[in-house]
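If you want the building blocks of each chain, they are given just below.
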There are 2 protein chains.
Amino acid sequence: MNRITMAHGSGGAVTQELIRTVFQKHLANKYLNKMDDAAVLTGSSYPLVMTTDSFVVTPLFFPGGDIGKLAVFGTVNDLWMMGGQPLYLTAAFILEEGLSMKTLEEAVSSLGQAARDVGIQVVAGDTKVVEGKGGLYINTTGLGQLCYSQVIGSAQAKPGDSVIVSGPLGNHHASILSSRLGIKNYIQSDCAYLGDMVKGLLEAGLEVHVLRDVTRGGLATVLNEIAKSSRVNIQVSEELIPVDPEVLGFCEILGLDPLYMANEGKFVCIVPEKDTAKALSMIKQHAHGAGAVVLGKVFNSLQGHQVTCQTKYGGEKIIDILYGEGLPRIC
Amino acid sequence: MNRITMAHGSGGAVTQELIRTVFQKHLANKYLNKMDDAAVLTGSSYPLVMTTDSFVVTPLFFPGGDIGKLAVFGTVNDLWMMGGQPLYLTAAFILEEGLSMKTLEEAVSSLGQAARDVGIQVVAGDTKVVEGKGGLYINTTGLGQLCYSQVIGSAQAKPGDSVIVSGPLGNHHASILSSRLGIKNYIQSDCAYLGDMVKGLLEAGLEVHVLRDVTRGGLATVLNEIAKSSRVNIQVSEELIPVDPEVLGFCEILGLDPLYMANEGKFVCIVPEKDTAKALSMIKQHAHGAGAVVLGKVFNSLQGHQVTCQTKYGGEKIIDILYGEGLPRIC
């Protein structure tokens, strides 16, 4: 492809190809190459964790959240996925000409409130204005401190480990799509701060191998990235995949697969068998983790490093990463 | 104003009003309120410096630089302006649909080369795609380490101090404008890394009070911000303001004032009288500081906190901050 298309922003196969052929080619280093949610800065004398994310979601306000809340929770969640306790946030705003001042102020106010809720300070900011149609983009970069000694990362899944997902899938994606299509329903984005749940697991001393928040590309893409990085197979059970009834109905009508749908308040947690029951019960104690389930297992793999799904009818199918466009501008 | 206009991105009075009425209102804290080029994170146990900047310049490539180079030098320079030795950089790319893959790769390649030149690693990245006309925006966030004990900041100018500017003004602005208007000339952007010069001053133990890079809004705006923060008056001499002859000619034809034009490789350095000669001579030893001059002085002020200019004809005029639009999308 000679030009950028919306598919390059899907978080799936086309995004990965772009990252490999352009970004890794020119920027490769030991931090970027890991492709984790955040970089653990081992080279410095300080155990820091750093991550950056731009938020380009449309509409800016949607049931269950808005771009400001997303910009705080999304980045802070990424820090937690590497075991990083959030310290500081920067926020850079790109405003399109024509953006209503009221809309901007509502988004900034929501961002400020989310930062206070999470207990993180916005220490640096930037504002630019570009031509356009009244849109708003926000970049947040988070700095955290590594507080726990265990090594967490996409490459740490071990055969025999359990795969836990913290709740039902697809709510954010379905909420955004409903807003765009003008479909009236009660589906809300799951946009949420995951820090309390992760902190609980780490402080309890559980042996957590992998933490990943399940955003663009959905669970299928995240599990494939883990399988590849850890050089293992992952098997999930179709009937255990949690989906809210209203989201399931929405998906059936529109032909969507919740496995590929974006979430903004769900994470995958991979732990050894021995810690599975305790991890699950701890996650389920939180409001945002009440629907958590163990939905699969990690297996040894000499080649392939696949994600497979046991269907309701006893068959098995390969779950690949997202191809094509997915729903663009989801986060 | 009910809607965002290009003037909100000028870096001048309208930008400051937007920051005050929207961003400071909802995000105010001791770091953001200082309005320095970067935040010194005194609250942590680590002496860190952090800054964020989005780059939205058009055209993406211009004589003397490009968006990739700008995205590294701009952010790293901001760290140095607070005395921060750069440690790590994050880079987040927002790609507009239709952007040529070749253009993107050239920009990313240039960013990678600039990072290597400066000796900083890009430790985290992000890519999003939005609708549009093939544009590209880059956010970089820099993390540095405070290596020097002296307190540097916009509020540190003292009566009697000298105001040094590191070279001729307006080249970046004139280069961008020439590109946009299709005017053929030899003007190049001054896009440059300022770290070597600043490091030299700090390592030599000079008493540096203020360092500011002179970007959006130009020298007039930067000096006004310093005068206000430090509660002093600043007086500069019109005939000492350095401007390259070709830039001066360009400005005269188009009615532009170099004092309000953006630069990408110039900084203001405010030092006590006793260190002025040494600071000037050290800056002039560098290729990017060869045109440095002492162009003014800091005076005591009980009220007003103004910047004034002694004209060539013996008069005195007030130099205000930039009003209105300036040249948008300059950085």
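Residues numbered from 1 in each chain as written. Chains lettered and ligands numbered in written order. Predicted model: local features only at pLDDT ≥ 70, side-chain atom pairs only at ≥ 80, totals over all residues. Heavy atoms only, no water.

Some words on the interface of chain B and chain A
Listed by partner, the interface residues are 69 residues for chain B and 69 residues for chain A. Between chain B and chain A, a total of about 6700 Å² is buried, with carbon and sulfur atoms accounting for 66% of that surface. For the pair chain B and chain A, the number of links is eight salt bridges. Elements with a contribution of two residues or more to the side of chain B that touches chain A: helix H1 (13-27), strand E1 (39-41), strand E2 (48-55), strand E5 (84-96), helix H3 (101-118), strand E6 (121-130) and strand E7 (136-146) of chain B. A total of ten residues in the side of chain B that touches chain A trace back to one element, the largest contributor, which is E6(B). Partitioning the side of chain B that touches chain A into residue classes produces 35 nonpolar, 22 polar and twelve charged. (Contact = heavy atoms within 4.5 Å. Buried area = accessible area lost by both parts, 1.4 Å probe. Salt bridge = Lys/Arg side-chain N within 4 Å of Asp/Glu carboxyl O. Helix = DSSP H or I, 4+ residues; strand = E, 2+ residues; numbered from the N terminus. Nonpolar A, V, L, I, M, F, W, Y, C, P; charged D, E, K, R; others polar.)

Some thoughts on the layout of surface pockets
All names here are of chain B. What the second largest pocket holds in volume is close to 820 Å³. Residue lining of the second largest pocket: 39 residues in total, with Asn33, Lys34, Met35, Ser154 and Ser229 positioned closest to the centre. Looking at the lining of the second largest pocket, the elements with two or more residues in it are H1, E1 and helix H6 (218-230). Broken down by element, the residue count for the lining of the second largest pocket peaks at five residues, all from H1. (1 Å grid on protein atoms, 1.4 Å probe; cavity = no way out; pocket = protein on both sides within 12 Å on 5 of 7 lines; lining within 4 Å. Points joined across faces, edges and corners; volume = space filled by probe spheres on them.)

Observations concerning the packing of helix H2 (residues 67-81) of chain A against helix H3 (residues 101-118) of chain A
All names here are of chain A. At a closest axis distance of 6 Å, the pairing of H2 and H3 adopts a crossing angle of 35 degrees. Considering the relative orientation of H2 and H3, their crossing is right-handed. Where H2 abuts H3, its residues Ile67, Gly68, Lys69, Ala71, Val72, Phe73 and Val76 lie against Ala107, Ser110, Leu111, Ala114, Ala115 and Val118. Looking at the contact of H2 with H3, its residues break down into ten nonpolar, two polar and one charged. (Axes fitted to C-alpha atoms, helices over the stretch in contact; angles between N-to-C directions. Left-handed = near helix turned anticlockwise from the far one by under 90°.)

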